[in-house]
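Coordinates in review
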Amino acid sequence: MRLIPIPMYYFNDPDQLIHYAGESSRTTHAAEESIEAAKLFARQLYLALSGVDKDTILFSSNYHSTAPKIADIASGAWRDKPENLIYGSGYVVESLEAALWCFWSTNNFASAVLRAANLGGDADTTAAICGQIAGAFYGINAIPAYWQDMIVMSSDILSVALNLCNRSKIVA
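Below is a summary of the structure that appears in this document. Here the structure is a predicted model, which means the values were calculated and not measured.

Below, the discussion takes up a nonpolar patch on the surface. A grouping of I151, V152, M153 and I157 is seen on the molecular surface, where their side chains present a nonpolar patch of about 420 Å² in accessible area. Among the secondary structure elements, I151 is positioned in the loop between helix 9 (145-149) and helix 10 (154-168).

With that settled, consider the packing of helix 2 (residues 14-26) against helix 3 (residues 32-49). At their nearest, the axes of helix 2 and helix 3 sit 8 Å apart, and the two run at 140° to each other. Compared by their axis directions, helix 2 and helix 3 come out oblique. Every pair of crossing elements has a handedness; the one defined by helix 2 and helix 3 is right-handed. Here helix 2 contributes P14, L17, I18, A21, G22, S25 and R26 to the contact with helix 3, which in turn contributes S34, I35, A38, K39, A42, R43 and Y46. Class assignment of the residues belonging to the contact of helix 2 with helix 3 gives a composition of eight nonpolar, three polar and three charged.

As a further point, take the layout of surface pockets. The volume enclosed by the largest pocket comes to roughly 1,000 Å³. Taken together, 36 residues form the lining of the largest pocket, with G131, G135, I140, I143 and A161 sitting closest to its centre. Looking at the lining of the largest pocket, the elements with two or more residues in it are helix 1 (5-9), helix 3, helix 7 (109-118), helix 8 (123-138), helix 9 and helix 10. Here the second largest pocket defines a volume of roughly 460 Å³. Sorting the residues of the lining of the second largest pocket by element identifies helix 2, helix 3, helix 6 (92-104) and helix 8 as the ones contributing at least two each. Among the elements that take part in the lining of the second largest pocket, helix 3 stands out by supplying four residues, more than any other.

Our focus in this paragraph is unusual backbone geometry. Located in the positive-phi region is M153, a residue other than glycine, with phi close to 60°. On the secondary structure map, M153 appears in the loop between helix 9 and helix 10. Of note in the backbone geometry, K169 takes a positive phi value of approximately 60° without being a glycine. With respect to the helices and strands, the residue K169 is situated in the segment after helix 10.

Reading guide: rules and limits
Residues numbered from 1 in each chain as written. Predicted model: local features only at pLDDT ≥ 70, side-chain atom pairs only at ≥ 80, totals over all residues. Heavy atoms only, no water. Patch = residues over 30% accessible without salt bridge, like charges linked within 9 Å, V, L, I, M, F, W, Y side chains within 5 Å. Areas by Shrake-Rupley, 256 points an atom, 1.4 Å probe, with all protein chains shown as cover. Salt bridge = Lys/Arg side-chain N within 4 Å of Asp/Glu carboxyl O. Helix = DSSP H or I, 4+ residues; strand = E, 2+ residues; numbered from the N terminus. Axes fitted to C-alpha atoms, helices over the stretch in contact; angles between N-to-C directions. Parallel < 35°, antiparallel > 145°, perpendicular 65-115°, else oblique. Left-handed = near helix turned anticlockwise from the far one by under 90°. Contact = heavy atoms within 4.5 Å. Nonpolar A, V, L, I, M, F, W, Y, C, P; charged D, E, K, R; others polar. 1 Å grid on protein atoms, 1.4 Å probe; cavity = no way out; pocket = protein on both sides within 12 Å on 5 of 7 lines; lining within 4 Å. Points joined across faces, edges and corners; volume = space filled by probe spheres on them.

Take a look at the structure:
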């Protein structure tokens, strides 16, 4: 739920990006599914930051997971599920699936994040995951200004994000 700095920092080195995404998970969530989910999501974030379309981001990650449930997510097995079968919980498989489904089924940043939050369950986790990929895809200008204004230390966070973008030559 807090992975985006890794793909931003290692944007120019995809192998390191995947490696350190897994390592960042290991510090608090060391189960194989969690580490594999972080690696898959890092690859998807990398693609979103690269400016490709949603299909490429979500269904062409070229990430082959050793964890069967993460492999299902990578294949897009969730894409045709009806909303009543999507649930954002604290379990990495459900959270990632729900966040990607919300991103896939909407067409702007605010709609994606609101849909994720409104699924209920562990709404902050699902919305944080969805917000990362939606932000990477739609860009900072797609985040409603009044949302940005309500973030504590927003100028500090923006400064760090822009420094990461500048370091990696990502267009913000």
